[in-house]
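Below, each chain spelled out in residue letters.
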Amino acid sequence: NAGVTQTPKFQVLKTGQSMTLQCAQDMNHEYMSWYRQDPGMGLRLIHYSVGAGITDQGEVPNGYNVSRSTTEDFPLRLLSAAPSQTSVYFCASSTTGVSPLHFGNGTRLTVT
Amino acid sequence: DQQVKQNSPSLSVQEGRISILNCDYTNSMFDYFLWYKKYPAEGPTFLISISSIKDKNEDGRFTVFLNKSAKHLSLHIVPSQPGDSAVYFCAAAGGTSYGKLTFGQGTILTVHP
């Protein structure tokens, strides 16, 4: 049972480049979300989805896009990377909105 | 505006003693609270939760206390073990979407043998 799988584990981008962070879960969870972790800031919600075809913004959505075409996958797109997006990104899922989140192991992104 | 605050960046405890991690919140709509534990290079893992209808929840060595009037919660670990050394995040939610969590900044717990 893989749980929540994030790829890649590490990525270095130049300013202005675009990329997609992948997230997949095999637990048939309806709820999925993306957080970023920065020193002294805890984890902040970027975008979330309550089911396939439904997404919504979290606390820090600017510069990121998401889509949810299947229950299993919830990719996060950086349209034009900026140094301020240097962070560790975590994808998470849960059965519904009222159960604890299961997190992936994160993607460490550096934008130079 | 930090709605969930963990004011102690770090805590150092001797093995076998009690560890007490604290968390304060400002949003009175929060009615469900969770603690997560995070090891380096791993994602956070769920530890224990409490809803606002209770003031205490126990799970083995871990107990969470909630003081609604003070908007304060704490996690007690007794006895502390070296394997408990990690970053601990408290998180809060309210309304119908408990997956939309608001996290504190985290506290680094070090348990010395």
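Residues numbered from 1 in each chain as written. Chains lettered and ligands numbered in written order. Predicted model: local features only at pLDDT ≥ 70, side-chain atom pairs only at ≥ 80, totals over all residues. Heavy atoms only, no water.

J.: How would you sum up the nonpolar core? Please name residues and give values.
T.: If you look at the biggest cluster of nonpolar residues, it comprises 23 residues, and the most contacted ones within it are Phe33(B), Trp35(B), Leu73(B), Leu75(B) and Tyr88(B). For this core, the elements supplying multiple residues, two or more each, are β3 (19-25), β4 (30-38), β5 (45-51), β7 (62-67), β8 (72-77), β9 (86-94) and β11 (107-112) of chain B. A total of four residues in this core trace back to one element, the largest contributor, which is β9(B). Counting 19 residues, the second largest nonpolar core, distinct from the first, contains Trp34(A), Tyr64(A), Tyr89(A) and Cys91(A). (Core = buried A, V, L, I, M, F, W, Y, C linked by side-chain atoms within 4.5 Å. Buried < 20%, exposed > 50% of the residue type's maximum accessible area, 1.4 Å probe, protein only. Helix = DSSP H or I, 4+ residues; strand = E, 2+ residues; numbered from the N terminus.)

J.: Describe unusual backbone geometry, and please don't skip the residues or the numbers.
T.: In this structure, Pro8(A) follows Thr7(A) across a cis peptide bond, with omega equal to -5 degrees. For Pro8(A), the position within the fold is in the loop between β1 (4-7) and β2 (10-13). Residues Val78(B) and Pro79(B) are joined by a peptide bond in cis, for which omega reads -15 degrees. Turning to its location among the elements, Pro79(B) is positioned in the loop between β8 and β9. The backbone phi angle of Asn28(A) is positive, close to 60 degrees, even though this residue is not glycine. Of note, Asn28(A) is situated in the loop between β3 (19-25) and β4 (31-38). According to the relative accessible area criterion, Asn28(A) is exposed, its value standing at 58%.

J.: How would you sum up the pairing of β4(B)? Please name residues and give values.
T.: Residues in a regular strand project their side chains so that they alternate between the two faces of the sheet. Residue and element names in this part refer to chain B. The buried count for β4 comes to eight of nine residues, which makes it a mostly enclosed element. Where β4 lies against β9, eight bridges are found, and the strand directions are antiparallel. Of the residues in β9, the one forming a bridge with Tyr36 is Phe89. Alignment of β4 against β5, held across six bridges, turns out to be antiparallel. Following the sheet pairing, Trp35 is matched in β5 by Ile48. Counting the residues in the hairpin turn of β4 and β5 gives six residues, including Ala41, whose phi is positive at 65 degrees. (Pairing = 2+ DSSP bridges.)

J.: Residue-level account of the interface of chain A and chain B, with values.
T.: Each side of the interface is counted separately: chain A has 18 residues, and chain B has 20 residues. Of the roughly 1,500 Å² buried between chain A and chain B on both sides combined, carbon and sulfur atoms contribute 62%. Between chain A and chain B we count zero salt bridges in total. At the boundary of chain A and chain B, one finds four residue pairs in polar contact (both at pLDDT 80 or more). The element contributing the most residues to the side of chain A that touches chain B is strand β5 (residues 42-51) of chain A, with four residues. Here the residues of the side of chain A that touches chain B sort into 11 nonpolar, seven polar and no charged. (Contact = heavy atoms within 4.5 Å. Buried area = accessible area lost by both parts, 1.4 Å probe. Salt bridge = Lys/Arg side-chain N within 4 Å of Asp/Glu carboxyl O. Polar contact = N/O pair within 3.5 Å; in protein donor to acceptor, adjacent residues only side chain to side chain. Nonpolar A, V, L, I, M, F, W, Y, C, P; charged D, E, K, R; others polar.)

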